[in-house]
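# Structure assessment
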Amino acid sequence: MNKTLSIQKKGIIFGIPMLIIGLMVFITKTSQFQMHTESLSIGITLDLLLTVPLVYFLLIRKTSIPKTTIIPFIILGSIICSLLLPQENQQYVSLFKIWVLPLIELSVLSFVIYNVRKGIQSFKKKKGLSFDFFTTLKNTCSEILPKYAVSPIVTEIAVFYYGFIYWKKRALKENEFSYHKNSGTIALLIAIIGVVAIETVVLHMLLTKWSSIAAWILTFLSIYSGIQIFGFLKSMLKRPIAIENDILFLRYGIVNEAIIDLENIE
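Note that the structure is predicted; figures quoted are calculated from it, not measured. (Residues numbered from 1 in each chain as written. Predicted model: local features only at pLDDT ≥ 70, side-chain atom pairs only at ≥ 80, totals over all residues. Heavy atoms only, no water.)

### Observations concerning the sheet that holds strand 3 (residues 247–252)
With antiparallel pairing, four strands are arranged side by side in an open sheet as 1-2-3-4. With partners counted over all chains shown, the strands left at the sheet margins are strand 1 (176–177) and strand 4 (256–261), one partner each. (Pairing = 2+ DSSP bridges. Helix = DSSP H or I, 4+ residues; strand = E, 2+ residues; numbered from the N terminus.)

Next up, the structure:
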């Protein structure tokens with residue numbers, strides 16, 4: 001019964017904003033919109049960018065749903081406005097994209113950083129546990145972000161943290177064990193980065209003769225892939241396997257991990 005009520009409640013929470021969005025889309029297809037394009041465009045813009053997020057916020061404010069889930073509705077509203085409204089009636093949408101959207105993104109990033117710092121401070125106060133940035137970041141983001149956004153955001157932040165911020169050499173403790181020194185994985189990843197770099201230059205030169213846009217898109221994707229590999233490589237050096245408080249922490253960089261109680265191991 002509780003599960004049914006929970007499903008019904010979620011249906012109401014997400015259904016009402018989507019109903020408003022659907023109504024706005026329907027209005028853009030009517031003859032009335034063609035006759036009063038300018039005034040209706042302003043109303044639709046305000047509804048999609050302000051009313052929908054506000055209604056959604058009022059529906060989730062007393063629930064456990066993270067408040068940051070408002071952002072997808074804001075982004076969806078701006079995309080719909082850009083696609084459906086005539087170009088000459090998108091002045092308010094353009095102002096929103098230039099001034100408000102970057103401010104929202106910066107606020108979310110600051111919120112995540114602030115909570116990660118709180119998580120780090122809380123983690124360091126716990127006795128018997130060594131600090132692990134990736135674990136702290138994942139736990140923090142799980143509390144403040146929607147589930148579908150946790151994994152990609154945590155991965156992106158971790159890649160840049162381990163790849164370009166965390167350079168200090170990490171000495172292994174008595175209860176920690178490395179897994180990269182004799183495996184050949186590091187050498188393989190370095191070789192892959194070298195291959196990616198060479199292929200990027202060659203393919204960029206070849207594609208430029210056909211399309212400079214395609215050449216730069218491929219170059220960007222190749223550089224991004226190289227950064228991802230480099231971040232993963234560095235994370236293997238910084239996240240050793242550990243045994244703490246009768247728990248085994250099996251880690252493989254930021255790609256995968258498992259937590260096993262020693263009592264469950266024969």
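### What about the layout of surface pockets?
One number sums up the size of the largest pocket: a volume of about 380 Å³. Lining the largest pocket are 16 residues, and of these Lys10, Phe14, Ser64, Ile65 and Pro66 lie nearest its centre. Those elements giving two or more residues to the lining of the largest pocket turn out to be helix 1 (2–28), helix 4 (70–84) and helix 7 (147–165). (1 Å grid on protein atoms, 1.4 Å probe; cavity = no way out; pocket = protein on both sides within 12 Å on 5 of 7 lines; lining within 4 Å. Points joined across faces, edges and corners; volume = space filled by probe spheres on them.)

### Quick word on the packing of helix 6 (residues 133–144) against helix 7
The geometry of helix 6 relative to helix 7 is characterised by a closest axis approach of 10 Å and an angle of 150° between their N-to-C directions. In terms of axis orientation, helix 6 runs roughly antiparallel to helix 7. Considering the relative orientation of helix 6 and helix 7, their crossing is right-handed. Along the contact surface, helix 6 presents Phe133, Phe134, Leu137, Lys138, Cys141 and Ser142, while helix 7 presents Val150, Val154, Ile157, Ala158, Tyr161 and Tyr162. Partitioned by chemical class, the residues of the contact of helix 6 with helix 7 number ten nonpolar, one polar and one charged. (Axes fitted to C-alpha atoms, helices over the stretch in contact; angles between N-to-C directions. Parallel < 35°, antiparallel > 145°, perpendicular 65-115°, else oblique. Left-handed = near helix turned anticlockwise from the far one by under 90°. Contact = heavy atoms within 4.5 Å. Nonpolar A, V, L, I, M, F, W, Y, C, P; charged D, E, K, R; others polar.)

### A look at the nonpolar core
Formed by 23 residues in total, the largest nonpolar core has its most connected members in Leu48 and Tyr56. If you list the elements that add at least two residues to this core, you get helix 1, helix 3 (37–60), helix 4 and helix 5 (91–125). When residues no more than four places from it in sequence are discounted, the contact partners of Leu48 are Ile21, Met24, Pro53, Phe73, Gly77, Ile80 and Cys81. In this structure, Val116, Leu137, Ala158 and Tyr166 belong to the second largest nonpolar core, which totals 18 residues. (Core = buried A, V, L, I, M, F, W, Y, C linked by side-chain atoms within 4.5 Å. Buried < 20%, exposed > 50% of the residue type's maximum accessible area, 1.4 Å probe, protein only.)

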